[in-house]
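# Structure assessment
So the chains spell out like this:
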Amino acid sequence: MSSLTAFNQEDISEVGRDLYGFAAELYPICRSITGDGIRRTLSMISERTPLQIHEVPSGTKVFDWIVPKEWNIRDAYIVRPDGKRIAEFQKCNLHVLNYSTPIHKRMPLSELRPHLFTIPENPDWIPYRTSYYKEDWGFCLSHNEMLGLKDGEYEVRIDSTLKDGSLTYGECLIPGQSTDEVLISSHACHPSLANDNLSGLTVATELAKFLSGRDLRYSYRFVFIPGTIGAITWLARNGDAAKRVRHGLVLTGLGDSGHFHYKKSRQGDAEIDRAAAHVLAHFAKPSEILAFSPYGYDERQYCSPGFNLALGCLMRSVWGSFPEYHTSADNLEFIHPHQLADSFRLCAAIFNVLENNRTYRNLQPYCEPQLGRRNLYRPTGGESIGDEIHARLWVLNLSDGQHSLLDIAERSGLSFQTIHNAADLLMQSELLSLVPESDEQERTAKTKSSATAPR
Ligand SMILES: [Zn+2]
């Protein structure tokens, strides 16, 4: 299998510049859960990694939900009594309540006020608010701007349409040797918000590009979807593909300067949960592992009990925990090239564990094989041994056909890469054999069923 961890600083800096540049290109687009904004976004992703684009008609039933009408917007603003235009959509697309119905009307401030949204705690920022499932109109503006509004007649204009159309999502499948899949999901429905939305989209796009054309164990499916309704729609239409998902990640919030968080799948002890925790512990200190909870991003749908897929959510700062979340301050200054690049590298390291986490059998299990004779030990007796030799001893000791390389890495405290390198070397010296994948799966299934069997 390819090593997915061989990057030098130059590669990584270039990846960072590219990710940031792409985020900057996507930033001005007014995205929503349907409409031309998400279509344009998907077509821009498609130029970097070919996507299959799907259009699902409004009114389609998807489990307990219905694909909504399609929303598009051209312009929106308020004209104050003194003639000054404020809350101009053309200047910032957050100014309009996302999914606002059209309106063009004069009204007193008292009638307008209930339709205005602000953030009193951060009075210069514009909030991001939506009304997807209740027909309404509104404007988001800075609290300071709202405080300055005087009584009088206001002109309110939202030039939008909300009518039957479709919901759009994109996906690409990068084939590996196995039809078992790793599912990577990112939401693509937020307008000009950089960390919440664009960071996940750009990192996922880069990962798809990076994996494409490699010799892979698993097939990788990337889905770019509107949040919630998009994941529900994808699951409703892809029951067979969902059955092939062995591991997965929801990617979001990967560009800010906060430390990494990994939210575990509902299963809690899935291989992806262990792989992510291992990589974070070794390469992203400080970092935090969060237990599963049924609130958050689209892991809510993938981990609903009917699917219970092994998907966790990788992010830096946790949604809702930082003041910039869902505001105009989640802008291009809030994300940084090197943080995006680090997130990309971390995802690649997690995939690297999944790709190479195999089980071996020691072919010389009676006492230690003589490593010195094979040039696999220290040259001079008495010196202390380093991680590389420790790793060889651990791999030989635990390779009884029952422990995967990740099991060994966890138990030894050494990094997966060190353990994997040791296994490669021991294979070359004919001290190990690889356990066939079918036997490994049988063992995993037995362990799981004995763990869940009634006592
Ligand atoms: Zn969000």
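Before reading on, note that the structure itself is shown above.
Residues numbered from 1 in each chain as written. Predicted model: local features only at pLDDT ≥ 70, side-chain atom pairs only at ≥ 80, totals over all residues. Heavy atoms only, no water.

### Description of the side chain of E440
Assignment of secondary structure puts E440 in helix α14 (residues 437–452). When its relative accessible area of 8% is taken as the criterion, E440 is described as buried. Here the side chain of E440 touches R358 through a polar contact of 2.8 Å, side chain to side chain. Not counting the four nearest positions on each side in its chain, E440 is found in contact with R217, N357, R358, T359 and V435. (Helix = DSSP H or I, 4+ residues; strand = E, 2+ residues; numbered from the N terminus. Buried < 20%, exposed > 50% of the residue type's maximum accessible area, 1.4 Å probe, protein only. Polar contact = N/O pair within 3.5 Å; in protein donor to acceptor, adjacent residues only side chain to side chain. Contact = heavy atoms within 4.5 Å.)

### Remarks on helix α11 (residues 387–398)
Working note: α-helix, 3.6 residues per turn, so residues spaced by three or four point in the same direction. For α11, built from 12 residues, the straight-helix expectation of 16 Å at 1.5 Å per residue is met to within 8% by its first-to-last C-alpha distance of 16 Å. Looking only at α11, the buried set comprises I389, A391, R392, V395, L396 and L398. Looking at the packing, one finds that the buried side of α11 touches β17 (359–362), β18 (400–404), α12 (405–412), α13 (416–428) and β19 (432–434). (Expected span 1.5 Å × (residues − 1).)

### Digging into the coordination of the zinc ion
The protein atoms that coordinate the zinc ion are H190 (NE2), D196 (OD) and H326 (NE2), at distances spanning 2.0 to 2.1 Å. Sequence spacing among the residues donating to the zinc ion works out to H-x5-D-x129-H. Linking D196 in helix α5 (residues 194–211) with H326 in the loop between β16 (311–315) and α10 (337–356), this pair joins segments that are 130 residues apart in sequence. Look at H326 and you get buried, because its relative accessible area is 18%. (Donors = N, O, S within 2.8 Å, 3.2 Å for Na, K, Ca; no water.)

### A word on the sheet that holds β19
The three strands are arranged β18-β17-β19 in an open sheet whose pairing can be described as antiparallel. The sheet is open, and its two edges are formed by β18 and β19, each paired on a single side. Direction aside, the axes of adjacent strands within the sheet are offset by 35° on average. Sheet topology places β17 next to β18; two bridges connect them, and they run antiparallel. Each residue of the ladder has a partner; that of T359, found in β18, is S404. (Pairing = 2+ DSSP bridges. Axes fitted to C-alpha atoms, helices over the stretch in contact; angles between N-to-C directions.)

### Thoughts on the packing of aromatic side chains
Two aromatic rings, taken as a pair, are described by how far apart their centres are and by the angle between their planes. Inspection of every chain in the model, using the stated rule, returns 13 aromatic pairs. Ring centres 5.9 Å apart and planes at 80° place the aromatic pair Y132 and Y133 in the edge-to-face group. With 5.8 Å between their ring centres and 80° between their planes, F322 and Y325 make a pair best called edge-to-face. Residue classification places F322 among the buried positions, given a relative accessible area of 11%. Feature note: the residues W65, W71, Y99, Y132 and Y133 constitute an aromatic cluster, connected by ring pairs. Over the ring of F22 we find R48, and its NZ or CZ is 3.9 Å from the ring centre. Just above the ring of Y77 sits the side chain of R85; from NZ or CZ to the centre is 3.6 Å. (Phe/Tyr/Trp six-rings, centres within 6.5 Å; stacked < 30°, edge-to-face > 60°. Lys NZ or Arg CZ within 6 Å of the ring centre and 35° of its normal.)

### Topic: the packing of helix α1 (residues 9–26) against α10
Here α1 crosses α10 at 115°, and the two axes come no closer than 7 Å. As the angle between them shows, α1 and α10 are arranged roughly perpendicular. You can see that α1 and α10 cross each other, and the crossing is right-handed. Each of Q9, I12, V15, G16, R17, L19 and Y20 in α1 lies in contact with α10, whose residues at this interface are P337, L340, A341, F344 and R345. Tallied by class, residues from the contact of α1 with α10 come to eight nonpolar, two polar and two charged. (Parallel < 35°, antiparallel > 145°, perpendicular 65-115°, else oblique. Left-handed = near helix turned anticlockwise from the far one by under 90°. Nonpolar A, V, L, I, M, F, W, Y, C, P; charged D, E, K, R; others polar.)

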